[in-house]
Amino acid sequence: MSQVKTAWQTALINAVTQPDELLRLLDLGPSWLDGARHAATLFPLKVPHGFIRRMQKGNIHDPLLRQVLPIGAELLEIPGFTTDPLQETDNAIPGLLHKYQGRVLLTLTGTCAIHCRFCFRRHFPYSKNNPGTEGWKAALNYIANDPTITEVILSGGDPLSLSDAILDRFIQSLSAISHVKRLRFHSRLPIVLPERITPDLIQLLTKSRLSIVFVVHCNHPQEIDASVKSAMQNLSATNITLLNQSVLLKGINDHADILTELSESLFDMGVLPYYLHVLDKVQGTAHFDTPLDTAHLLHAQIAARLPGYLVPRLVREDPGAPAKTLLR
Ligand SMILES: *Cc1c(COP(=O)(O)O)cnc(C)c1O
Ligand code: SF4
């Protein structure tokens with residue numbers, strides 16, 4: 001059955017996946033092409049046009065470009081950086097992670113709108129670990145059989161890359177489990193593909209009896225343009241709770257001015273900073289790593305400049321810990 005694609009689905013399909021095209025669109029010379037092609041074999045390039053339009057032409061150090069351009073440094077093997085630092089690939093129920101009290105994390109899809117070079121999912125075996133729409137049953141049974149679970153978190157791959165029809169079906173099945181109170185979306189789409197936030201999506205989310213929480217993912221104030229602002233303002237006019245998580249990235253947002261501006265800009269569109277993650281030690285990402293003492297210092301600097309509610313918690317994920325580890 002062929003279906004008419006919505007504007008956001010078309011934008012997703014038209015995302016740039018070829019390094020030479022990305023470099024050409026940004027007026028950058030071919031000197032970066034070899035490294036980009038090599039590194040793209042490890043984890044493909046993917047970036048929507050709308051996100052590319054927020055990059056500065058001719059600037060190889062652009063903080064948005066750096067997040068998506070594959071580079072030769074990804075091929076280096078650095079001690080301590082592994083393919084599965086969080087030890088998350090061995091799940092009893094495919095796609096379901098129950099690490100923390102009261103919350104389960106579900107990946108319903110392996111698809112993201114953008115491929116972030118620093119992401120641990122660059123090594124994630126989605127084919128083995130993706131329930132697919134037919135495999136929901138096992139996950140929903142697991143949740144139904146554990147009354148301590150009050151919150152379900154849909155995480156990356158990006159849950160908002162699923163169609164409205166699929167999301168609607170999932171939310172209805174989940175709503176039938178009476179002890180589940182909250183549904184949380186961890187999604188980068190409102191930032192990288194704000195067209196996704198349609199009136200239909202908002203309607204399907206807000207009609208549910210579940211409390212809806214969005215944790216978006218924005219690392220740099222330059223990611224926020226008028227289209228993002230407008231999407232987030234539409235969301236913040238509802239009763240959906242809006243939070244942001246960022247990853248601290250060397251050469252991208254490891255500066256107090258940038259982090260301060262990010263918090264201010266998020267607040268202006270109704271979003272509160274939640275977490276600032278230090279990098280997971282994922283193979284191929286060592287060039288983004290910020291020393292822990294730098295992270296502490298940066299966090300102290302922004303805490304001295306912002307109201308407490310605009311200071312994200314500096315955290316790290318440690319395998320086996322009962323919650324994210326609060327560093328500061
Ligand atoms: C981060 C995470 C959560 C959510 O943790 P919060 O501290 O509630 O934001 C839940 N499950 C897993 C597996 C996680 O990694
Ligand atoms: S899961 Fe999030 S951080 Fe990772 S590639 Fe997808 S959008 Fe980027």
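Up top you'll find the structure we're talking about.
Here, residues in each chain are numbered from 1, in the same order as that chain's written sequence. Chains and ligands are labelled sequentially in the order written, the chains with letters from A and the ligands with numbers from 1. Only residues with pLDDT of at least 70 get local features here, since the model is predicted, and only at 80 or more are side-chain atom pairs given and counted; chain-wide, interface and lining totals rely on the full set of residues. Heavy atoms from the whole structure form the basis of all side-chain values; hydrogens and water molecules are not counted.

(A) Representation of the site of ligand 1. Lys99, Tyr100, Arg103, Leu105, Ile153, Arg184, Tyr274, Tyr275, Glu317 and Lys324 make up every residue found near ligand 1. Two N or O atoms count as a polar contact when they lie within 3.5 Å, although within protein this holds only if one can serve as hydrogen donor and the other as acceptor, and sequence-adjacent residues are included solely when both atoms are side-chain atoms. Tyrosine 275 places a polar side-chain atom, nitrogen or oxygen, 2.5 Å from an oxygen atom of ligand 1. Contact distances for ligand 1 include 2.9 Å between an oxygen atom and a side-chain N or O atom of lysine 324. Its free accessible area being 380 Å², ligand 1 has 93% of it covered by the protein chains. For this scheme, ten residues count as nonpolar: Ala, Val, Leu, Ile, Met, Phe, Trp, Tyr, Cys and Pro. Four count as charged, namely Asp, Glu, Lys and Arg, and the remainder, Gly too, count as polar. Class assignment of the residues belonging to the shell around ligand 1 gives a composition of five nonpolar, no polar and five charged. When we say a residue is near a molecule or strand, we mean one of its heavy atoms is within 4 Å of it. Each accessible area is a Shrake-Rupley estimate made with a 1.4 Å probe; only the visible protein chains count as cover when residues are assessed.

(B) Looking closely at the packing of aromatic side chains. Centres within 6.5 Å make a pair out of two Phe, Tyr or Trp rings, where for Trp the six-membered ring is used; the pair is then stacked when the planes are under 30 degrees apart, edge-to-face when over 60, and tilted otherwise. Counting across every chain of the model gives five aromatic pairs. Measuring from centroid to centroid gives 4.0 Å for tyrosine 274 and tyrosine 275, while their planes differ by 25°, and the two rings are stacked. Whether a residue is buried, partly exposed or exposed follows from its accessible area with a 1.4 Å probe, protein chains only, as a fraction of its type maximum: under 20%, in between, or over 50%, in that order. Taking relative accessible area as the criterion, tyrosine 274 reaches 16% and is therefore assigned buried.

(C) Structural context of the environment of glycine 251. Note that glycine 251 resides in the loop between β6 (241-247) and α11 (256-268). Judged by its relative accessible area of 45%, glycine 251 is partly exposed. When the C-alpha positions of glycine 251 and aspartate 289 are compared, they lie 9.3 Å apart, and in sequence the two are 38 residues distant. In this text, helices come from DSSP runs of H or I with a minimum length of four residues, and strands from runs of E with a minimum of two, each type numbered from the N-terminal end.

(D) Geometry of a nonpolar patch on the surface. A cluster of nonpolar residues, Phe267, Leu272 and Tyr309, forms a patch on the protein surface that exposes about 290 Å² of accessible area. Within the fold, phenylalanine 267 resides in helix α11. A patch consists of residues exposed above 30% relative accessible area that lack any salt bridge, with like charges linked at up to 9 Å and nonpolar side chains (Val, Leu, Ile, Met, Phe, Trp, Tyr) linked at up to 5 Å. Here, a salt bridge means any Lys or Arg side-chain nitrogen found within 4 Å of an Asp or Glu carboxyl oxygen.

(E) Broad picture of helix α3 (residues 33-40). Regarding α3, the residues found buried are Leu33, Ala36, Ala39 and Ala40. Angularly, the buried residues of α3 cover 140° about the axis, an arc narrow enough to put them on a single face. By the convention used here, residues are in contact when the closest approach between their heavy atoms is within 4.5 Å. Buried positions along α3 lie against α2 (19-25). Directions are taken from the helix axis to each C-beta atom, and the arc is the one they span.

(F) Broad picture of the pairing of strand β8 (residues 313-316). By the convention used here, strands pair only if DSSP detects at least 2 bridges between them. The pairing of strand β7 (residues 272-277) with β8 spans three bridges and is classified as parallel. Paired with leucine 276 across the strands is leucine 314, a residue of β8. When the strands point away from the viewer and the connection leading from the first strand across the helix to the second strand turns clockwise, the crossover is called right-handed. Note that the unit made of β7, helix α12 (residues 292-303) and β8 has a crossover that is right-handed.

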